[in-house]
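Chain by chain, the residues:
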Amino acid sequence: MTLEGVETLDAGVVPRVARAREPRVVRVALAGCGVVGGELLRILKHGEARLAARNGLRFEVVRVLARTAGRPRPDELPEGVLTTDLDAFLAAEAELVVEAIGGVDPAVRIARTALAAGRRVVTANKALVAAHGPELAALARQSGTRIDFEGAVAGGVPIVRALRDSLPLTGVRSIRGVLNGTSNYVLTRLAEGRSYADALARAQAAGFAEADPSRDVSGEDAADKIRILAWLAFGVAPERLPVRRRGIAPGADRLAADAAALRGVVRLVAECAQTAEGVVASVEPVVVGPGSELGRTRNEDNAVLVESDWNGRVCLAGPGAGGGPTASALLADMVRGAQRQPPPTQRRGVQDRRPHRWAVSVEAGPGAAEALRRALDRAGVPVAGEPLRGGSLARTAPVAWPRVDLATRALTAEGRRPLVSRVER
Ligand code: HSE
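A quick note: this is a predicted structure, and the numbers were derived from the prediction, not measured. As a convention, each chain's residues are numbered from 1 in the sequence order in which they are written. Totals for whole chains, interfaces and linings use all residues, but because this is a predicted model, local features are given only for residues with pLDDT of at least 70 and pairs of side-chain atoms are given and counted only at 80 or more. Side-chain numbers here rest on the full set of heavy atoms in the structure, without hydrogens or water.

## Some details on the site of the ligand
Right, on to step 1. Taken together, 13 residues are adjacent to the ligand, and Lys-126, Gly-181, Thr-182, Glu-210 and Asp-216 come closest.
Right, on to step 2. N or O atoms closer than or at 3.5 Å make up a polar contact, with two conditions inside protein: a donor-capable atom paired with an acceptor-capable one, and, for residues adjacent in sequence, both atoms drawn from side chains. One of the side-chain nitrogen or oxygen atoms of Lys-126 is found 2.7 Å away from an oxygen atom of the ligand.
Right, on to step 3. Between the ligand and Asp-216 there is a distance of 2.7 Å, counted from a nitrogen atom to a side-chain nitrogen or oxygen.
Right, on to step 4. Isolated, the ligand exposes 250 Å² of accessible area, and the fraction of that covered by the protein chains is 94%.
Right, on to step 5. A helix here means a DSSP run of H or I that spans at least four residues, while a strand means a run of E at least two residues long, and both kinds are numbered starting from the N terminus. Counting residues per element, the ones that place at least two in the shell around the ligand are helix 9 (181–191) and helix 12 (220–234).
Right, on to step 6. In this count, Pro and Cys sit with the nonpolar residues alongside Ala, Val, Leu, Ile, Met, Phe, Trp and Tyr, while Asp, Glu, Lys and Arg are called charged and the others, Gly among them, polar. For the shell around the ligand, a count of residues per class yields four nonpolar, four polar and five charged. Residues are classed as near a molecule or strand on a simple rule: at least one heavy atom within 4 Å of it. The accessible surface values rely on the Shrake-Rupley method and a 1.4 Å probe; as for residues, cover is taken only from the protein chains in view.

Structure below.
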């Protein structure tokens, strides 16, 4: 059966022909046998009958690339396919290459080689797509094949598909959301009274965190993801979009306390928006209402809000990290057929200079209130209302980030350890 037929099946219609025929065998080379790759092998094995009946497909995994030998492997790993040799992996006769190895290298070599040879590529690698997405999409187009990356953003939440297929036609104005499951898990545990170290260790043990978890809590992981969404929604090259970025560490405890003092909760929010000057993007702690869509996002869940001219506000939410959701997104792309490729682009984004309200805090102690007031005053940041927590926490009137940045730099130079959240309540 054709891949177009598979698309029809995706929509829930099972043509009689799919049931009558033997499933079509798709030979797969899988790079990565860790949390995500291992889970994909399990899903393929245990979902084999369903895939055959529903989609008329059987994925045969012919080669699996692992970074290192000797690690425990899932029982579902087919015998004799494992290699740690990149060349042997690249030489595998497979029509579909699934990349779940993470990082930019060797992932970019794998994707380039596969696409240049006309093989289809499916990846969950946000760092790869944020750094090389348009180049790889162009290569796929030249070679008459395709690259899909649903698993690269928001795990099992189908935001990539929505932005590739339909939402851009609605005149998207902005996208904002919780895009990092690990930091959201940590913030949820902190609110329950657990320590930061304990919460992060649990996120790592559950397979939510990156190999280097500092990418999660610093906002780098979410920055890669918002760059990808900005590419799909606005056609801006992801590697050329400046992202104002602050993470939840160091200082997650104080960020949570600052938000509580403002009767809100803190979330690490990624945003991109079309402004009169161009496309802007940020990843930063934001104080939101506890009952808001983002405030209600708990544990490793992600939530994405898309605002558009003709479609109003769409919210997609669900599991944003972990082996099962990410492997499910990979499988959806593996099954998927021809889909419009995002356009090649060289467009740049611009710095975000829109005014927002902010909460700025410094470490409590002698002279803290005076230092905070002075720094905000000198930077021309308008303060709103009375300072809180003995003067160590101030709320601002709407003001553009560069002024707040100036104030925080001055406070940092004085050793006051400033923390800033955007306030949206
Ligand atoms: N480390 C990522 C997260 C995994 O926590 O969201 C999913 O991309």
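## Observations regarding a positive patch on the surface
Right, on to step 1. Where like charges cluster on the molecular surface, the positive patch consists of Arg-263, Arg-357, Arg-395 and Arg-425.
Right, on to step 2. Summarising the element assignment, Arg-357 is placed in strand 13 (residues 355–361). Any residue with relative accessible area above 30% and no salt bridge may belong to a patch, with like charges joined within 9 Å and the nonpolar Val, Leu, Ile, Met, Phe, Trp and Tyr side chains within 5 Å. Any Lys or Arg side-chain nitrogen located within 4 Å of an Asp or Glu carboxyl oxygen qualifies as a salt bridge. Two residue types count as positive, namely Lys and Arg, and two as negative, namely Asp and Glu; His and chain ends fall outside the count. By convention, the charge on Lys lies at NZ, on Arg at CZ, on Asp at CG and on Glu at CD.

## A word on the sheet that holds strand 1 (residues 24–31)
Right, on to step 1. Taken in spatial order, the six strands line up as 3-2-1-4-5-6 in an open sheet, and their pairing is parallel. The two strands at the open ends of the sheet, each matched to only one other strand, are strand 3 (82–83) and strand 6 (147–148).
Right, on to step 2. Here two bridges tie strand 2 (residues 57–65) to strand 3, and the two strands are oriented parallel to one another. Counted as the bridge partner of Leu-65 is Thr-83 from strand 3. One bridge is not enough; two strands pair if DSSP finds at least two bridges between them.

## So, the confidence of the model for the chain
Right, on to step 1. Residues with a pLDDT of 70 or more make up 93% of the chain, whose mean pLDDT is 92.
Right, on to step 2. Scored between 0 and 100, pLDDT is the confidence that the predictor attaches to each residue. Here, two residues are considered to be in contact whenever any of their heavy atoms come within 4.5 Å of each other. A low-confidence stretch, residues 1–19 stays under pLDDT 50, and its non-local contacts, those more than four residues away or across chains, total 33 contacts.

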